[in-house]
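Analysis of the macromolecular model
Next come the chains, spelled out residue by residue.
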Amino acid sequence: MDEPIIEKQLSTCHQNILPYIHNTPVISSNYFNKITGAKIFFKCENFQKTGSFKVRGALNALKHLTDSKRLNSVVTHSSGNFAQALALAAHKFGIQSYIVMPRNAPKVKKEGVLEYGGVIIECEPTLYDRERTARRICLEKGATLVHPSNDLNIILGQATSCKELLEVHPNLDYVLTPVGGGGLVAGTIIAVKYYGKSTCRVIGGEPFQVDDAYRSLRNGAIESNSSTNTIADGLKTNLGEVNFPIIRDGIEMIVRVTEDEIVKAMRLVWERMKIIIEPSSAVAVAVLTKKKKLFHEKKIGVILSGGNIDVDDLLFRLHLNSIPAPRSKK
């Protein structure tokens, strides 16, 4: 990548999308500072429009569509957060959106897509089916495909979250993000490069059940997942040829976490910080608590990527595994 051009593109991207997004708050927690021995700064993208960081990239991608493509429609495939993001961005620009979603995507995310005027096409919950269905919609509707993460305009949009964090706290030693399709972590790497101090490093978090990014870095080629059995529904996709080189060349490490560690981290944020985050977002927090010796006496930024969750989902309650049974009345 041409570095001066990328830096200028990131700055321009941020200016272009500012009228449509929230500059989300950065908050701290005495509890997390105490258990890690570090100074932790949480960038709360769970407070972003659509409930996640992804609207940033969606807006930037649609800003770059040609006039002829804007007259048609757009399509993407997503388990939920980018689905809502593209639906909202398309609504802002008067474009029809078609959203391919796995049939088991969270209800709250499907409702968000419909609220923003998106048309949902359900498919089987595999990346193959998602991509195949999206290609079909492109042919049938003449729609332009907007990839959720493997697109430089998407990546630059997602980078603005970390850029805002570093504008408030420029002296961070580490920035932590979850890793799914790779758009957020790649964007974070770019933001740290141009707005962080030279020694700042990016660490990604990934569930053991869908550790394709970890294996991709280890093996030097993009890997896929044979299983999608994780509570972190937003992290089931794999890296792409655009974001993989950025991640490979710029990330410090990817830390894998268990399902129990994800749920525990989510509970801690809910209980101690009194804010709602989703399991995918909790992956970065799980890295923070798992590797607290590494972060001792450091300044750490954690991007809380989103807060979209079905609180009445039975599976979620089972994973939580701590809701007390009702006491019988005597």
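Let me begin by describing the structure that accompanies this report.

Conventions adopted
- Residues numbered from 1 in each chain as written.
- Predicted model: local features only at pLDDT ≥ 70, side-chain atom pairs only at ≥ 80, totals over all residues.
- Heavy atoms only, no water.
- Pairing = 2+ DSSP bridges.
- Helix = DSSP H or I, 4+ residues; strand = E, 2+ residues; numbered from the N terminus.
- Contact = heavy atoms within 4.5 Å.
- Axes fitted to C-alpha atoms, helices over the stretch in contact; angles between N-to-C directions.
- Parallel < 35°, antiparallel > 145°, perpendicular 65-115°, else oblique.
- Nonpolar A, V, L, I, M, F, W, Y, C, P; charged D, E, K, R; others polar.

Comments concerning the sheet that holds strand β3 (residues 73-77)
Here four strands make up an open sheet; going across it, the order is β5-β4-β3-β6 and the pairing parallel. Every other strand in the sheet has two partners, leaving β5 (119-123) and β6 (144-145) as the edge strands with one partner each. Sheet topology places strand β4 (residues 96-102) next to β5; five bridges connect them, and they run parallel. Across the sheet, Val100 pairs through a bridge with Ile121, a residue of β5. Across the sheet, helix α5 (residues 81-92) touches β3 and β4, and the angle it forms with β4 is around 175°.

A word on the packing of helix α12 (residues 259-273) against helix α13 (residues 279-290)
At a closest axis distance of 7 Å, the pairing of α12 and α13 adopts a crossing angle of 95°. Between α12 and α13, the angle falls in the class roughly perpendicular. The segment α12 lies against α13, with Glu261, Ile262, Ala265, Met266, Leu268 and Val269 engaging Pro279, Ala282, Val283, Val285, Ala286, Thr289 and Lys290. Looking at side-chain class alone, the contact of α12 with α13 contains ten nonpolar, one polar and two charged residues.

Some thoughts on the environment of Lys49
In this structure, Lys49 sits in the loop between β2 (39-44) and α3 (54-63). Separated by 39 residues in the primary sequence, Lys49 and Leu88 have C-alpha atoms spaced 8.8 Å apart. Setting aside residues up to four positions removed in sequence, Lys49 forms contacts with Tyr20, Ile21, His22, Val55 and Leu88.

Some details on the environment of Arg135
When you line up the elements, Arg135 lands in helix α7 (residues 127-141). For the pair Arg135 and His77, spaced 58 residues apart in sequence, the C-alpha separation works out to 9.7 Å.

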